[in-house]
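Overview (structure and organization)
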Amino acid sequence: MFELEFFISLLISAVIVYFIRKKLAARKKVKEDFEPLRQKDIKKRLKKEKRLK
């Protein structure tokens, strides 16, 4: 009986972690997509893009 409860709680925890990670990844993507306003941010983004190419 305890095995079943353990697996159910493990499954629920995995689902919760999955959705939290999905939400954080979406927030990170939105944060990266904004247009930088400061010159420092613009330079940092250009440097990052050069490294990725």
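Since we're looking at a predicted model, the values are computed, not measured. (Residues numbered from 1 in each chain as written. Predicted model: local features only at pLDDT ≥ 70, side-chain atom pairs only at ≥ 80, totals over all residues. Heavy atoms only, no water.)

**Examining the overall build of the chain**
Filter applied, for reference: Here a strand is any run of E in DSSP of at least two residues, a helix any run of H or I of at least four, and the numbering for each starts at the N terminus. Burial here depends on accessible area, computed with a 1.4 Å probe over protein chains only, as a share of the maximum for the residue type. Under 20% is buried, over 50% is exposed, and the range in between is partly exposed. Throughout, the Shrake-Rupley method with a 1.4 Å probe supplies accessible areas, and for residues the shown protein chains are the sole cover considered.
Secondary structure assignment for the chain yields two helices and zero strands. Burial statistics for the chain: of 53 residues in total, 2% are counted as buried. On the chain, roughly 5800 Å² of surface is accessible, and the fraction owed to carbon and sulfur atoms is 67%.

**Structural notes on helix H2 (residues 39-52)**
How we decide: To estimate how far a helix should reach, multiply one less than its number of residues by 1.5 Å.
Taking 1.5 Å of rise per residue, the 14 residues of H2 would be expected to cover 20 Å, and the 20 Å separating its terminal C-alpha atoms lies within 8% of that figure. Here H2 lies mainly on the outside; zero of its 14 residues are buried.

**Comments concerning the pattern of salt bridges**
Rules: Note on definitions: salt bridges are taken to be side-chain nitrogens of Lys or Arg within 4 Å of carboxyl oxygens of Asp or Glu.
Here the structure, examined in full by the defined rule, presents two salt bridges. The salt bridge involving Arg38 is made with Asp41; its shortest N-O contact spans 3.1 Å. Here Arg38 falls in the exposed class, since its relative accessible area comes to 51%. Arg45 is the partner of Glu49 in a salt bridge, and the nearest nitrogen-oxygen pair spans 3.7 Å. One end of the pair, Glu49, and the other, Arg45, are both in helix H2, four residues apart, so they sit about a helical turn from each other. Relative accessible area serves as the criterion here: at 27%, Arg45 is assigned to the partly exposed category.

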